[in-house]
Amino acid sequence: MGDESEWLKLPLDDRCVHKVWKARLHGYTEAIKYFGTLDSKSPEFTKYLGIIKKFVVDTNAVAQEKGLDATLAFLENAASAHKTCAEVSAGVVTKCLNSSRTKTKEKGIEILMVCIELEKQEIVIEEVMKGLTNKQPKIVAASILVLRTAISNFGSKIITLKPIVKVMPKLFEHSDKNVREEAKLLAIEIYRWIGAVFKPGLQKIKPVQMKELEEEFEKLPNKAPKQIRFLKSQQELKEKFEEAAAGGGESEDDDEDDVRPEVDPFELLPAVDVLSKLPKDFFENIEAKKWQTRKEALDNLLPLATSPKIEGGDFAELVRVLKKVVSKDTNVMIVTVAGKCLGGLAIGLRKKFTPYAVACTGAILEKFKEKKVTVVSVLRDAIDAIFLTTTLQNISEDVLVALDNKNPSIRAETAAFLARAMRHCTLTTLPKSLLKPLSAALVKKIGDTSPEVREAVAESLGTAMKVVGEKHLLPFIADLDKIKQDKIREWCEKTELATGGGKKKKEKSSETKAAPTKAAPGPSKAAAKPASAAKSKARPASASGAGKASKGKKKPKQSEETEKKSEPAYSPEDVDEKAAVALPATLLQQLGHANWKERLAGMEELTTKIHNMEKKDIDCQLYVRLMAKKPGYKDANFQVLKAKFALIGILAEKGKFSRTSGSVCIGGIVEKIGDIKQSATAKETMTSISEACSLQFVALEAVSYAFDTQKNPKNQSETLNWFAQAIQEFGFASLKVKCYISYIKKALGATNPAIRTAAITTVGTMYMYMGAPLRMLFEDEKPALLAQIDAEFQKVSGTSPPAPFRGIKKEEKRDDADGDDVEDDVDEEESEVGGSPSSIQDLVPRVDISDQITSSLIEELGDSKWKVRGQGLDRVQTILNSNKFITPNLGELPTALKPRLSDTNKILATNTANICTQLAQAIGPAIKVHVRTLVPGLLMLNCDSKPTVRAASVSALSAWEEQVGLAPFIEDELLNTVLAKESPFLRMEVFGWLEEKLAKYHTLPSDLALTVPILYTALEDRNPEVRKKAQGVLPLFMMHLSYEKCVKMTNKLKPSSKTQVMQILEKQRPNIPAKPGKPEKTKKAKTAAPPPQEEKKRPKTAPPKTSKSSKSKQEDEDVGPPVILNNLKDRRFRDEDNLKVLKWNFSVPRDEIIDQLKEQIQPCVSPSLFTALFHADFKYHITALTTLKEAVTSHKEACIGALDVLLKWVTLRFFDTNTSVNIKALEFLQVLFNMLAEEDYSMHDYEASAFLPYLVLKIGENKENIRKMVRSCIKTITKIYPASKVFQFIIDGLKSKNARQRTECLEELGNLIDLYGINVCQPSPPKALKDIAVQISDRDNSVRSAALNTLVQAYAIVGEGIYKMVGRLNEKDVSLLEERIKRSSKKVKSAPPMQEPKQTKQDAKKSMLPAPSNGTDRPSTAPPQSGGNIRSSNVPQVFKLDLDGLGLNDGDSNDNIPQLEDMDHVQDLLSDAVKLPQRRLQKPSLTVAQLDFIISQIASNDIAISLQSLKQLDEALQDSDRSKVLTDHIDQLVVTTSLQLRMAFSKYMSDETTSKDVIRMYRCLVALLMSLFQNRMLAMKASKDVLCDLVNGLITVLIDNRLEAFDDGPQVIRSINMLMVKVLDQSDPTNSMCALLKLLQEYVAHESSSPKFVQLIMKCLWRMVRSMPEIIHDINVERLLLSLHLFLKAFPSSVWKERTNDTPLRTIKTILHSLAKILGSKVLSYLVLINDKNSEVELYLKKIVRNNRKSVGGDHINGSVQETSNSSSTGNVASPRRGTARTNDILAEIFKRIGSKENTREGLAELYDFKCKYPDVDIEPFLKKTSPFFQSYIERGLKNIATEREKAQTEKQNKGRSVGSTDSISSVDSVGNLSAGQDVSTSQLRDRLKVLRARCGLDNGSEAVQDPVPVKSSSRPELVTSSSIESDSGHNAMPHLYQPQRITLGSSTSSAPTPAQVPDTNVDELRKRLERIKKGGSMK
């Protein structure tokens, strides 16, 4: 289409990719305009996602430039533009940066900057870094320019500098000058941002270049650079900068932020591996006696230890040696060097040195006794460096001990160290719990005799005052005299904190700017961050940002906040003065009047006045104190007091209600909270105050006043009740539990039961938020009280806490400068999350066991004798058992336990692992300090070959992971260090453990990538278990690291390994699970959203308002159906199967579960419905349910497609406490299930398992209307889901602790048993009834009654058998059951199964039929219904017609009374023909649920029920229409039939009571299977495995000798024999043969198996082989050859040489030979499924194919002359009567049989039959191959046969005897394989006689056992009946092939008698017997 008029007609997206550049140019131009007009979320943008990358790589320069403009327009306007950043960036780097057009290059760089703005900076930098390695210098230079531009625009916080700094030396060495120049500019730009920190990265460049850079660095201004461009998420920051620029000049905040971004130089440094570079003899030399040797060893270590950055590893041994040198070495020089090494290690390792910090601190403090200044100086530096790796809390014990040391030098240095350490502390790291003991110890030493000690102590206390403030430290130094206090304050003023405290802002800013000039990379410098860096930006105006302002932002408004938080208290004079100004005098007089009516009127007037005031005019404290004046809040009149409380509530809502105001009135409110008249108002008032001042403040004031000040028990109990309710309304986030525990314990110990009850209720409410750890706080209570607490916990267990809907109110507008939100004023203590695990751990009292870890215990643990070591471990375990909760201070115990993890005695190693488990559980999260010491040993313990040792290790690792998470394992590089050990057991266990743990983490440290190379190695490990575990954990690694990163890491592998690993990665890619959600951050947002209120009362936690424009936009977008039809349901089910998603199983909905449901349900519903479904407001849920209810009728298919996710969402609503939502949800479910029942839908198991357990939970609801609706839903569900499966879910509900739920479940179980019979009980009736009977002994009366009623329902069906089913019960329960049965009106519907089989069948049938749907389900005790049949009575209607069974309903009958006719019309009536009514018998159609139920009943333990099911299915199979339902259930039917067949063989045959019914069972089973396999369409559906089970069962019955003891036993054997024929003929031949081969392989493997069984399997195979030419087109040859290959692989030919019988091998080779003969050389093309090149199948087939290429006449027959294949083929072609290949094969086989001495007669008969059947086929070519004598012998034989048959036919006609009816003849022919024209011999008549006797049910006696006469071969397949199974005669062509014996299937003997052994019988006698049998059969 070169013509412009043609491509202008194309769509815009086609023009943009047109082959003509002008078309593309025009398309780009139009696209720029078009993109600007679209909405950012327009679906039009999706068309360009795949082609936008082509815009930037356009081959035409002009078009490319315009394409770049179009790309920019796309990136700026499309919301989905971020998806194309990777492709666009790669194209820009490769095609734009090397362009000679300046604009092209500039636009390309701009595109990259826009991509960075779209939060894709990592992708952009990665692509640009690739450009640095390009061969074209132009691209390299341009790439450097891009990096410089990006850093200049976005700064070092957004652009990661670490990878750029690493490549800088290479860029300076580049051969191109322009590249070096650009590198120089890039280095200057980097230095401008990070300062001198950058210099260590330039150490490798040339001195000249470095000198030039130094000169440029000096020219740079001192002012720190600022970010110019901003990310998409930084728009608020961008607005702030724009406002500052518009205002002119810089604000004070800008000055504060005018510092360079902090970049830790430590991250830019290369790490040194110290451990690998240590001399091998280091540890020997350090222990040497000569000090020179020790000094030399330390000198070698010193340069390594002082490396700026050290690689992590196990430094425990090295640190131990150095600590020992410092502590015990007497040589000063050695101690000095050792101290330097320790300090260097601490600086280089940083936080990785934490495990060793505590031990080293104690040793160094003890060494401060040294007097040498050089030693002390080094030790100071060392301990200062070590402190930065730990916390003051960890080393406080050693510090306190050192302060009490007798040596003044130690005391002085310790105090000085403490002062230096406190400079690095903050309020958080120096809490009150730590400050108190340290201050007490220091105060004791401030009066020390040594002036150095006094000075150091004063400095320490001054530093502490600087950190925590004078207010907090003053209580500890209050007893000191003024001189000492002034000294402390002096030090406080002089001290400058490392965190920036004590400096003015300007000074701090200037000093921070000068700081980067120092290049020392020590951690102390890194820790000294400016305070301004910690300050957050201005609070955003949006509601989402409310309440999150940083502490630094509070300081400018501290006075306003303080006034609001706790304003100054008014004195009585102030109150009088202010009241006189604000209120009229008359009103004041009324308020204090003695008459209550005057006071009431005054309160009403005051209330009205305050209502009319503006918020800023309301002085809350004034009015609260005014009302407190006498009589105040103890007013005797309840009306006045009620008005006062109401007014306080109004003040709290309208005014600025401070805590000072609250403290005035809370006590008075608590005094009246127990008053029945004032209780409700008092509680509401306290709630209002809580919204104004925080719940923590009000609750603590109220509870403390109730229990400390006043003594009224009623007030105490009601206060606790209010507190419990307030927790549910406000949430648990702002409460500090520790404040209330003492009061709750006091209440629990009260004598008043109401107080105890209220306390228990409060504890139960707290339990919902805190969980099981809360119980630890009450373990010291009395057992009886603890039992009540446990009962309360059980009551609320599983209940999710309600979403809070109250909170501290916020002002809607911030026009005035009244300060920040009240929520920001909450104390620091209140801001802690009360229910978080860490706070709970803080509440638990812990014991310090360090004193119990004595030196003797440590010596025992390290003893050389294992018994002593074991005793030491026992001592440790005893200590841990006696102290459940301990502190992390373990002394030297971790170091002593570490070698025990690798103990040679495995018992001790296991015990040590168990001790580690106990340590983790006892210490809690604080165990993290010991991770580095013990976890490597625990991991290495998995190298052991003993499973018990590895199990103990995995258990310990799991315990540690629960406490500290996986991050420490990864951050400290423990995993990759340990996994580097090539131990299969280690990798197997660790990867398996990681597979369990990695899935629950949302984010993990990036160091996880270090483990990936080891994981790749494990994927190729020799050990299959290691490979399996590695493949199992691989998807989780890809989940955390991304698939792309894992693929990228394969580049370092060898090519062969990379190919294999990439295949595994691709295979496992679909199994990558979704990341779990972030529960910590999202939970508050979800639970804190309140319901919508009026505009004036909107709480601050409400969701943000939606503007009108956004609403209209949503309405415009949301025009589709509410429920969207798609095909994602099957995919969700596959994900469930493959375990790709989280199981829908929880006690309380977790955030990750909800996030997963959101992802699944979003494609199924409209956006507006999705918003409503997951909104925090319950009103939206009601709207969503209404919409869904309407969609059920209007969008049925869509609702069915989304049924699983809709049901899951409804389960979430079950956890809501709002009754309206629950009722609406149940109404929607009822409508939904009714629709599904009408559509005949069958609920999937996944849908049921995700929904029914939660519906059953709801049946225990308190409200009756909800329970009623749940019962209705369950009743409807049984129409779409099998009742037996519903039964299982309901019976699981009996495990609940809710008595009402158990009662309702039992009632529903009784209804199901009544409607569906006893077999609805699953997994079996006895098991289910036992579980029900257990409930008889329940302590709840209603549960007991319901259990008894349910058992009575079962008794009505099974009778006295109920007592056997329920098992052993105690006497009391049995008596209750018997009494209930006697008193009930239930009567046994049927007698026991064995006594009345007919009745049992009828009952069984009733129990299997579905419940009637006419709505007449009435209980037995209900009164008779009125209407309908008027003459109904209580008499049992035994002979009443079963209308339901006949397909008639009562509703169809006409109840109208007939009208009488006049006499005139009588004659006309009599003359009319009588019209008989037509029977309306209808065969009810089977639903899928009914069919599943009936099939499942086949395997019932009750024979009667099983027989009834067989009968029903047999009837269904006879009906062609109904049999279609079975199409998809064939495997299920055959499996249950096979199961019942095995049960009949194994169970019923051995039981005397049921053995008599076995024959009946066998007959019914055979009849059903015969009906099934007569239908070829259904028979072909049977799979291989199912056929294998069926054939196994049938043959097992055939060889069962016990059947001969029954009268009809032989008949059963013959029937099964005939069934075997049907199975082999009608089923899929591939499945049949593969099933037989599988059976043969299984039984050959067991040499003890029955030879008869194996022989019968082979006979079936021989029969299939004979029919193979006819069915070859139906056989899947590939699968058949694979089965043969598997057999020969399991049992190769070499194995059979050792066996006595090689018949199975010869059978396999016969099958192969037949396939090769039929398919020829093509058979080799079917070996595609066999991957084994050395397969015997392939070798054998090739051998046969080579033999078949020889001449057809290559075999000599009776001395005939051999001819060549060419002449033979030529003759065949020339002959006009040449037969087909098939007839030639048959003739060849016949002639071979004639040539055999044993089979000559049989061969001649077959040749005669062949000539009769194929008269046109010329047999001369075969006769010519034989000798003349043999030809004449054949001719004579054929003539004799013809004469004998003609004579026999003539005799038959003369006697006039008819063989029988046509049907009988055909049936006999089919059985005996005889044609009508054949002569009837004695053997043939005997065969016919056997078949007819078998069909008439007569016994054939011994004739059925041995049948010597073979059936003649024919071209069609034989039936395996009483005749034998012969092998194909063609198998004799090869001498090694097996000639099978002729033995009847099912015969009791394997011997094959020869014809001579069979006595001859008179032919006439046989004919007579045959006629008698035929006549008898026809009469019947």
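Residues numbered from 1 in each chain as written. Predicted model: local features only at pLDDT ≥ 70, side-chain atom pairs only at ≥ 80, totals over all residues. Heavy atoms only, no water.

## Looking at the overall build of the protein
Working step 1: A tally of regular secondary structure across the protein gives 100 helices and zero strands.
Working step 2: A total of 1980 residues make up the protein; the buried ones form 49% of that total.
Working step 3: Of the contacts formed within the protein by residues at least 6 apart in sequence, a portion of 74% connects residues at least 24 apart.
Working step 4: Per element, the accessible surface of the protein, about 97,400 Å² overall, is 52% carbon and sulfur. (Helix = DSSP H or I, 4+ residues; strand = E, 2+ residues; numbered from the N terminus. Buried < 20%, exposed > 50% of the residue type's maximum accessible area, 1.4 Å probe, protein only. Contact = heavy atoms within 4.5 Å. Areas by Shrake-Rupley, 256 points an atom, 1.4 Å probe, with all protein chains shown as cover.)

## Some points on the environment of S882
Working step 1: Mapped onto the elements of the fold, S882 is located in helix α47 (residues 866-882).
Working step 2: At 2.9 Å, the side chain of S882 and the backbone oxygen of I879 are in polar contact. (Polar contact = N/O pair within 3.5 Å; in protein donor to acceptor, adjacent residues only side chain to side chain.)

## Structural notes on unusual backbone geometry
Working step 1: The omega angle of the peptide bond from Q1322 to P1323 is 5°, so this bond is cis rather than trans.
Working step 2: You can see P1323 is positioned in the loop between α71 (1299-1316) and α72 (1325-1334).
Working step 3: Of note in the backbone geometry, R350 takes a positive phi value of approximately 55° without being a glycine.
Working step 4: Relative to the assigned elements, R350 resides in the loop between α20 (332-349) and α21 (354-367).
Working step 5: R350 gets classed as buried once you look at its relative accessible area, which sits at 16%.
Working step 6: One non-glycine residue, S694, lies in the positive phi region at around 90°.
Working step 7: If you trace the backbone, S694 turns up in the loop between α39 (679-693) and α40 (695-709).
Working step 8: Judged by its relative accessible area of 2%, S694 falls in the buried class.

## Some remarks on the nonpolar core
Nonpolar side chains tend toward joint burial in soluble globular proteins.
Working step 1: By size, the foremost hydrophobic cluster in this structure holds 95 residues, and its most contacted members are L1229, F1233, F1251, L1255, F1287 and L1329.
Working step 2: What L1255 contacts, discounting residues up to four positions off in sequence, is F1214, L1226, V1270, C1273, I1274 and I1277.
Working step 3: Counting 93 residues, the second-largest nonpolar core is a separate cluster that includes L1533, V1558, L1603 and V1745. (Core = buried A, V, L, I, M, F, W, Y, C linked by side-chain atoms within 4.5 Å.)

## With respect to the packing of helix α8 (residues 121-131) against helix α9 (residues 137-154)
Working step 1: α9 packs onto α8 with a crossing angle of 150° between their chain directions and a minimal axis gap of 8 Å. The angle between α8 and α9 places the two elements in the roughly antiparallel class. α9 is crossed by α8, and the crossing has left-handed handedness. Of the residues in α9, those in contact with I125, V128, M129 and G131 of α8 are I139, V140, S143, V146 and L147. (Axes fitted to C-alpha atoms, helices over the stretch in contact; angles between N-to-C directions. Parallel < 35°, antiparallel > 145°, perpendicular 65-115°, else oblique. Left-handed = near helix turned anticlockwise from the far one by under 90°.)

## Side note on the packing of aromatic side chains
Working step 1: A complete count under the given rule lists 26 aromatic pairs for this structure.
Working step 2: Taking 5.1 Å as the distance between ring centres and 85° as the angle between the ring planes, the aromatic pair formed by F35 and Y48 counts as edge-to-face. Within this pair, whereas F35 is found in helix α3 (residues 21-37), its partner Y48 is found in the loop between α3 and α4 (52-56), the two being separated by 13 residues in sequence. Pair check on accessibility: F35 and Y48 agree, each one buried.
Working step 3: Centre to centre, the rings of F45 and F74 are 5.6 Å apart; their planes meet at 70°, and the pair counts as edge-to-face. Highlighted residues: F45 in the loop between α3 and α4 and F74 in helix α5 (residues 61-77), separated in sequence by 29 residues. One exposure class covers both F45 and F74, and it is buried.
Working step 4: Through a chain of ring-to-ring contacts, the aromatic side chains of F35, F45, Y48 and F74 assemble into a single cluster.
Working step 5: Sitting over the face of the ring of Y570, K578 holds its NZ or CZ atom 5.1 Å from the ring centroid.
Working step 6: Above the face of the Y1043 ring, R1069 is positioned so that its terminal group lies 3.9 Å from the ring centre. (Phe/Tyr/Trp six-rings, centres within 6.5 Å; stacked < 30°, edge-to-face > 60°. Lys NZ or Arg CZ within 6 Å of the ring centre and 35° of its normal.)

## With respect to the pattern of salt bridges
Working step 1: Taken as a whole, this structure holds 66 salt bridges when the rule is applied.
Working step 2: By sharing partners, the salt bridges in this structure join E65, D69, R101 and K107 into a single network. (Salt bridge = Lys/Arg side-chain N within 4 Å of Asp/Glu carboxyl O.)

## A word on helix α84 (residues 1584-1598)
Working step 1: Relative to the 21 Å expected for 15 residues at 1.5 Å per residue, α84 spans 21 Å between its end C-alpha atoms, a close match to the ideal helical length.
Working step 2: A large share of α84 lies buried, amounting to eleven of its 15 residues. (Expected span 1.5 Å × (residues − 1).)

## A look at the side chain of T719
Working step 1: Tracing the backbone through its elements, the reader meets T719 in helix α41 (residues 713-730).
Working step 2: Relative accessible area serves as the criterion here: at 0%, T719 is assigned to the buried category.
Working step 3: In this structure, T719 is in contact with V670, I673, A702, V703 and A706, ignoring residues within four places of it in sequence.

## Notes on the environment of R101
Working step 1: One can find R101 in the loop between α6 (85-95) and α7 (102-117).
Working step 2: Overall, R101 belongs to the partly exposed group, its relative accessible area being 35%.
Working step 3: It is 8.2 Å that separates the C-alpha atoms of R101 and A61, two residues lying 40 residues apart in sequence.
Working step 4: Every residue in contact with R101, bar those within four places of it in the chain, is listed here: A61 and E65.

## Description of the side chain of E792
Working step 1: In this fold, E792 is placed in helix α44 (residues 783-796).
Working step 2: Not counting the four nearest positions on each side in its chain, E792 is found in contact with I760, T761 and G764.

## Things to note about helix α51 (residues 947-964)
Working step 1: The terminal C-alpha atoms of α51 lie 26 Å apart, and with 18 residues this matches the ideal 26 Å at 1.5 Å per residue to within 8%.
Working step 2: Among all positions of α51, only V949, R950, A952, S953, V954, A956, L957, S958, A959, W960, E961 and V964 are buried.
Working step 3: Those residues of α51 hidden inside the fold are in contact with α49 (906-923), α50 (931-940), α52 (967-971) and α54 (984-997).
Working step 4: Positive backbone phi, approximately 80°, marks G965, located one or two places after α51.

## A short note on the confidence of the model for the protein
Working step 1: In this model, the protein carries an average pLDDT of 76, and 77% of its residues clear a pLDDT of 70 or more.
Working step 2: Across residues 502-565, where pLDDT falls below 50, the model places 98 contacts with residues more than four positions away in sequence or in other chains.
Working step 3: The model gives residues 1389-1461 a pLDDT under 50, and that stretch makes 66 contacts with residues more than four places away or in other chains. (pLDDT = per-residue confidence, 0-100.)

## Focus: the environment of K946
Working step 1: Residue position: K946 is located in the loop between α50 and α51.
Working step 2: Among the residues examined, K946 registers a relative accessible area of 45% and is labelled partly exposed.

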